[in-house]
Amino acid sequence: QVQLVESGGGLVQPGGSLRLSCAASGSIFSIGAMSWYRQAPGKQRELVATITSTGSTNYADSVKGRFTISRDNAKNTVYLQMNSLKPEDTAVYYCNVKQVLNYYWGRGTQVTVSS
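Only a predicted model underlies this, so the values are computations on that prediction, with no experimental measurement involved.

Undergrad: It is not clear to me how the nonpolar core should be interpreted in this structure. Could you clarify?
TA: As a rule of thumb, nonpolar side chains are buried together in soluble globular proteins. One finds Trp36, Leu80, Met82 and Tyr93 to be the most contacted residues of the largest nonpolar core, which totals 30 residues. If we skip the residues at most four places from it in the chain, Met82 touches Gly16, Ser17, Leu18, Leu20, Arg66, Phe67, Tyr93 and Val111.

Right, dumping it as structure tokens:
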């Protein structure tokens, strides 16, 4: 089993920045892609960004140019740097990790963008 713990969420004004972290622990081996998803109230969970084990990245169109995903394999941690935040970025952000054929989820961290 893999446990994921997200941190770094909070309340920020429009145009501000936040950095989310997700640390993996437990039975850590063969960690593959690491991703961030988000779910706004009344909406489906959506993929925000993914980074593969070799460092390739992919982003949702809505966050391209504003968000940056990165990972530290030595620390089994994935990050999401969020800049130029907008009210529509308000959501619970979830970390997702692929290990062989299994996927694991964190419990989420709330991000609220409001003046």
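There is more to say, and it comes next.
Undergrad: Can you walk me through the packing of aromatic side chains in this structure?
TA: To describe a pair of aromatic rings, you give the distance between the ring centres and the angle between the ring planes. One pass over the structure, following the stated rule, counts two aromatic pairs. Residues Tyr94 and Trp105 carry aromatic rings whose centres are separated by 6.5 Å and whose planes lie at 85° to one another, so their mutual orientation is edge-to-face. Of this pair, Tyr94 sits in strand 9 (residues 91-99) while Trp105 sits in strand 10 (residues 102-105), placing them eleven residues apart in sequence. Residue Tyr94 is classed as buried on the basis of its relative accessible area of 13%. Cluster of aromatic residues (ring-pair linked, three or more members): Tyr37, Tyr94 and Trp105. Directly above the aromatic system of Trp105 lies the positively charged group of Arg45, at a separation of 4.6 Å from the ring centroid.

Undergrad: I would appreciate a short explanation of the pattern of salt bridges in the present structure.
TA: Pairing between side chains becomes possible if they bear opposite charge and their charged atoms approach one another. For the coordinates displayed, the defined rule picks out four salt bridges. Two residues, Arg38 and Asp89, come together in a salt bridge whose shortest N-O distance is 2.9 Å. With a gap of 51 residues between them, Arg38 in strand 4 (residues 31-39) and Asp89 in the loop between strand 8 (77-82) and strand 9 connect regions that are remote in the sequence. Across this residue pair, the class does not change: Arg38 and Asp89 are buried. Between Asp89 and Arg66 there is a salt bridge, with its nearest N and O atoms 2.7 Å apart. Pair noted here: Asp89 is in the loop between strand 8 and strand 9 and Arg66 is in the loop between strand 6 (57-59) and strand 7 (67-72), with a separation of 23 residues, a long-range link. Of the two residues, Asp89 and Arg66, both sit in the buried class.

Undergrad: It is not clear to me how the sheet that holds strand 7 should be interpreted in this structure. Could you clarify?
TA: If you trace the four strands from one edge of the open sheet to the other, you get 1-3-8-7, paired in antiparallel fashion. A single partner strand is all that each edge strand has here, and the edge strands are strand 1 (2-7) and strand 7. The average undirected angle you get between the axes of adjacent strands in this sheet is 15°. Strand direction decides the pairing type here: strand 3 (residues 18-26) and strand 8, joined by six bridges, are antiparallel. Within strand 8, the position partnered with Cys22 by the bridge is Val78.

Undergrad: How should the state of the cysteines be read in this particular structure?
TA: A complete count under the given rule lists one disulfide for this structure. Paired by a disulfide, Cys22 and Cys95 hold their sulfur atoms 2.2 Å apart. Taking the sign of the S-S torsion, about -80° here, the bridge from Cys22 to Cys95 comes out left-handed. Linking Cys22 in strand 3 with Cys95 in strand 9, this pair joins segments that are 73 residues apart in sequence.

Calculation criteria
Residues numbered from 1 in each chain as written. Predicted model: local features only at pLDDT ≥ 70, side-chain atom pairs only at ≥ 80, totals over all residues. Heavy atoms only, no water. Core = buried A, V, L, I, M, F, W, Y, C linked by side-chain atoms within 4.5 Å. Buried < 20%, exposed > 50% of the residue type's maximum accessible area, 1.4 Å probe, protein only. Contact = heavy atoms within 4.5 Å. Phe/Tyr/Trp six-rings, centres within 6.5 Å; stacked < 30°, edge-to-face > 60°. Helix = DSSP H or I, 4+ residues; strand = E, 2+ residues; numbered from the N terminus. Lys NZ or Arg CZ within 6 Å of the ring centre and 35° of its normal. Salt bridge = Lys/Arg side-chain N within 4 Å of Asp/Glu carboxyl O. Pairing = 2+ DSSP bridges. Axes fitted to C-alpha atoms, helices over the stretch in contact; angles between N-to-C directions. Disulfide = S-S within 2.5 Å.

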